[in-house]
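Reading the structure
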Amino acid sequence: MSEKNITVRFAPSPTGYLHLGHVYSALLNYRFAKVRGGHFLLRIEDIDTARSRPEYVEGIYADLAWLGLEWEQPVRRQSEHFPVYQAALDKLEAMGLLYPCFCSRRDIRAEIRRSGFAPHGPEGPLYPGICRNISVAERLAKKAEDAPFAVRLNLQKCIDYLRAENKWPLTWQEDRFGFVTADPAALGDVVLARKETPGSYHLAVTLDDHLQGVTHIIRGEDLRHTTHIHRLMQALLDYHVPHYSHHDLLAGPDGKRFAKRDQSATIRSLRERGLSPAEVIRMTGLDPA
Ligand code: GLU
């Protein structure tokens, strides 16, 4: 691959103002592309329209520009592409890999208690499969009642499908670890869409990275476990496989990692306190040069 084709992205969700952890991640991506003459993309991951806010989108643009970053246009905003995510869902549905799940959180907790089914994944207890095998008639009846539902990926069917296609096991290349073997079952039957939203983080992120020709994914360590599912989606949908690098998460003086709730660490508040872009960059541990 020519270095000129190297494409990276910074993909924040506009559910709060950017903090120092975001700046660190954005700069690692930006500099990786710049020194190679590659492409740096900014993507607004606003698929969760209930939690995303226009002022946070504007805040992302303003903070990154203030720090001196430049990104290619147009900026992809996920909320403008629901039909594309729906088409990918339709494809997975036609492959027989999805099922509607009508469980509430409370149903799931009760079933876990009742059955003693307790495997935990990186995001908590795995879905115990209540709706995996309900009959077509039952599904139709629930939908006719207009009940809320999530669309889940049937992990075992996905693995069986890839085995039959001679595409299993799956690996990806990861900085610091070399080739990693995907273990998507460790996350269970993940949610790929909801009744009102045809797409979830896992679906939108893999589809967009493919569509935008992202070659290198540089993001926080907190998302490393999701790569197991993203690699599975790439195999099911015949997408290219980027190279992955998951960086350490920045922590504040109290040793806790920065989060959106820490107002004092937002770039906006540091700007308002009169810090310069170079001073803010230095706070991430990176050289401002
Ligand atoms: N939108 C995600 C976030 O803000 C990042 C997605 C990714 O880098 O894969 O945490």
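Up top you'll find the structure we're talking about.
Residues numbered from 1 in each chain as written. Predicted model: local features only at pLDDT ≥ 70, side-chain atom pairs only at ≥ 80, totals over all residues. Heavy atoms only, no water.

1. Considering the overall build of the protein
For the record, the criterion: Helix and strand definitions here come from DSSP, where helices need a minimum of 4 consecutive H or I residues and strands a minimum of 2 consecutive E residues; each element is numbered from the N-terminal end. C-alpha atoms define the radius of gyration in this analysis, and the globule rule sets the expected value at 2.2 Å times the number of residues to the power 0.38. Three labels apply to residues, based on accessible area from a 1.4 Å probe with only protein chains included: buried if under 20% of the type maximum, exposed if over 50%, partly exposed otherwise in between. Whether two residues are in contact is decided by their heavy atoms, any of which lying within 4.5 Å being enough.
Of regular secondary structure, the protein possesses 10 helices and 12 strands. Relative to the 2.2 N^0.38 estimate, which gives 19 Å for 289 residues, the radius of gyration of the protein is 20 Å and therefore close to what a compact globule would have. For the protein, buried positions account for 50% of its 289 residues. Restricting the contact set of the protein to residue pairs at least 6 apart, pairs at least 24 apart contribute 78%.

2. A closer look at the nonpolar core
Operational definition: The definition of a nonpolar core used throughout is a set of buried Ala, Val, Leu, Ile, Met, Phe, Trp, Tyr and Cys residues joined through side-chain atoms within 4.5 Å.
Core analysis: the largest hydrophobic core is formed by 46 residues, its most contacted members being Leu92, Cys131, Leu153, Leu192, Leu232, Met233 and Leu236. When contributions to this core are tallied by element, the ones reaching two or more residues are α3 (82-94), β4 (98-101), α4 (105-115), β7 (150-153), α6 (155-164), β10 (191-194), α7 (201-211) and α8 (227-237). Considering every element that reaches this core, the biggest residue donor is α8, with six residues. Excluding its chain neighbours within four sequence positions, the residues that come into contact with Leu232 are Leu153, Leu155, Cys158, Leu162, Trp168, Leu170 and Pro184.

3. Notes on the packing of aromatic side chains
Note the following rule: Stacked, edge-to-face and tilted labels apply to pairs of Phe, Tyr and Trp rings (six-membered ring for Trp) whose centres lie within 6.5 Å, assigned for plane angles under 30 degrees, over 60, and everything in between, in that order. For a Lys NZ or an Arg CZ to count as sitting over a ring, it must be within 6 Å of the ring centre and within 35 degrees of the ring normal.
Applying the stated rule across the entire model yields six aromatic pairs. Note on Phe82 and Tyr85: the rings are 6.3 Å apart at their centroids and 75° apart in plane angle, and the pair reads as edge-to-face. On the criterion of helical spacing, the pair formed by Phe82 and Tyr85 is a turn pair, its members being three residues apart in helix α3. Using a relative accessible area of 18% as the deciding quantity, one classes Phe82 as buried. Where Trp172 meets Tyr244, the ring centres are 6.2 Å apart and the plane angle is 65°; that geometry is what we call edge-to-face. Placement of the pair is Trp172 in strand β8 (residues 171-174) and Tyr244 in strand β12 (residues 243-247), with a sequence separation of 72 residues. Residue Trp172 shares its accessibility class with Tyr244, and that shared class is buried. Residue placement shows Arg152 over the ring face of Tyr127; its charged tip is 3.8 Å from the ring centre.

4. Examining the pairing of strand β2 (residues 39-44)
Both faces of the sheet carry side chains from a regular strand, because those side chains alternate between them. So the rule is basically this: Any two strands with at least two DSSP bridges between them are considered paired. When the strands point away from the viewer and the path from the first strand over the helix to the second turns clockwise, the crossover is right-handed.
Most of β2 is tucked away: five of the six residues are buried. Relative to β2, strand β1 (residues 7-10) is paired through four bridges, and the arrangement is parallel. Residue pairing in the sheet places Phe10 in a bridge with Leu42 of β2. Each parallel crossover has a hand, and for β1 linked through helix α1 (residues 20-36) to β2 it is right-handed. Bridging between β2 and strand β3 (residues 76-77) involves two bridges; their strand directions are parallel. Paired with Arg43 across the strands is Arg76, a residue of β3. Following the backbone out of β2, through helix α2 (residues 54-66) and into the adjacent parallel β3, one traces a crossover that is right-handed.

5. Observations concerning the pairing of β8
By the alternation rule, side chains of β8 split into Trp172 and Glu174, which are all buried, and Thr171 and Gln173, of which none is buried. When β8 meets strand β9 (residues 178-181), the two strands line up antiparallel, connected through four bridges. Across the sheet, residue Trp172 finds its bridge partner in β9, namely Val180. The turn linking β8 back onto β9 is made up of three residues, and Arg176 within it adopts a positive phi angle of 75°.

6. Some words on the sheet that holds β4
Strand pairing within a sheet occurs via backbone hydrogen bonds; the two strands may be parallel or antiparallel. To keep things clear, this is the line we draw: Structural elements are reduced to axes, namely lines fitted to C-alpha atoms, with helices fitted over the stretch in contact, and the angle between N-to-C directions of any two is expressed from 0 to 180 degrees.
If you walk across this open sheet you meet the three strands as β4-β7-β10, and the pairing is antiparallel. Edge positions in the sheet fall to β4 and β10, since each of these pairs with one other strand and no more. Between one strand axis and the next, the sheet turns through 30° on average, direction left out of account. Alignment of β7 against β10, held across three bridges, turns out to be antiparallel.

7. Considering the environment of Ser104
Within the secondary structure, Ser104 is located in the loop between β4 and α4. The class of Ser104 is partly exposed, set by a relative accessible area of 33%. Between the C-alpha atoms of Ser104 and Pro148, which are 44 residues apart in sequence, the distance is 8.8 Å.

8. Regarding the sheet that holds β2
Pairing is parallel across the open sheet formed by three strands, whose spatial order is β1-β2-β3. What marks the edges here is a single partner per strand, and that holds for β1 and β3.

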